[in-house]
Amino acid sequence: MKLVIGNDHTAVEMKNEIKAYLESKGHEVINVGTDTTDRFHYPVAGYKAAKLVASGEVDGGVLICGTGVGISLAANKVKGVRACVCSEPYTAKLSKMHNNSNIIAFGARVIGVELAKMIVDEWLNAEYEGGRHAERVAMISEIEETGSLKAAE
Ligand code: RB5
């Protein structure tokens, strides 16, 4: 797979380890995060990664900041992106199967690198189920596209 990885200054070490791990599994990984521990604004990496995912240039993305929250919030502002923060593999897997997540995020200050590897493994190995979930994911897109939701009127 072709993937993008992004991070802020809190997550350089974890980014490097996860990038190397993904590459060792045969994935191509584009790095849009910072490589130094100088203060770096997480929306920059979140936005860059999200644009690559939304345009279809990559198959998915991994985002890491202190908690995974800020960087995923930024990514989710880009149309077509469904970035999910996960601190354990079960949610990561279900975020793909049910929510068709296209970016996984986690916090370098929250989890360790071995758990992060399990999260990316579960997420990459999972497949979107569609079916009954498709209607709900379409509703998320409707809110994004129109700013409203017919089903809630
Ligand atoms: C940076 O201090 C920190 O706020 C950031 O990494 C992230 O946790 C934000 O959500």
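Going by the structure above, here's the rest.
Please read these numbers as outputs of a predicted model, since none were measured by experiment. (Residues numbered from 1 in each chain as written. Predicted model: local features only at pLDDT ≥ 70, side-chain atom pairs only at ≥ 80, totals over all residues. Heavy atoms only, no water.)

This next bit is on the site of the ligand. Every residue lining the ligand is accounted for by D8, T10, Y42, C65, G66, T67, V69, G70 and R109. One of the backbone N or O atoms of G66 is found 2.7 Å from an oxygen atom in the ligand. For the ligand, an oxygen atom lies 3.4 Å from a polar atom in the side chain of R109. Residues of the shell around the ligand, tallied by class, amount to three nonpolar, four polar and two charged. (Near = heavy atom within 4 Å. Polar contact = N/O pair within 3.5 Å; in protein donor to acceptor, adjacent residues only side chain to side chain. Nonpolar A, V, L, I, M, F, W, Y, C, P; charged D, E, K, R; others polar.)

We now examine the packing of helix α1 (residues 12-24) against helix α5 (residues 113-125). Between α1 and α5, whose axes approach to 10 Å, the crossing angle comes to 45°. What the angle tells us is that α1 and α5 run oblique. Judged by the sense of rotation from one axis to the other, the crossing of α1 with α5 is right-handed. Across the interface between the two elements, M14, E17, I18, Y21 and L22 from α1 touch V113, A116, K117, V120, D121 and L124 from α5. Each residue belonging to the contact of α1 with α5 can be placed in one class, and the counts come to eight nonpolar, no polar and three charged. (Axes fitted to C-alpha atoms, helices over the stretch in contact; angles between N-to-C directions. Helix = DSSP H or I, 4+ residues; strand = E, 2+ residues; numbered from the N terminus. Parallel < 35°, antiparallel > 145°, perpendicular 65-115°, else oblique. Left-handed = near helix turned anticlockwise from the far one by under 90°. Contact = heavy atoms within 4.5 Å.)

By the definition in use, this model includes zero aromatic pairs. If you follow K96 out to its NZ or CZ, it ends over the ring of W123, 4.5 Å from the centre. (Phe/Tyr/Trp six-rings, centres within 6.5 Å; stacked < 30°, edge-to-face > 60°. Lys NZ or Arg CZ within 6 Å of the ring centre and 35° of its normal.)

Another aspect to go through is the pattern of salt bridges. Side-chain pairing between opposite charges can occur once the charged atoms of the two side chains come close. Across all of its chains, the model carries four salt bridges by this definition. The residue D35 makes a salt bridge to K15 at a minimum N-O spacing of 3.0 Å. With D35 in the loop between β2 (28-31) and α2 (42-54) and K15 in helix α1, the pair connects residues that are 20 residues apart, well separated along the chain. A residue is classified by how much of its surface remains accessible, and K15, at 0% relative accessible area, is buried. Across the pair E23 and K19 runs a salt bridge, and its minimum N-O distance is 2.8 Å. In this pair, E23 and K19 are both assigned in helix α1, four residues apart and thus about one turn of the helix distant. (Salt bridge = Lys/Arg side-chain N within 4 Å of Asp/Glu carboxyl O. Buried < 20%, exposed > 50% of the residue type's maximum accessible area, 1.4 Å probe, protein only.)

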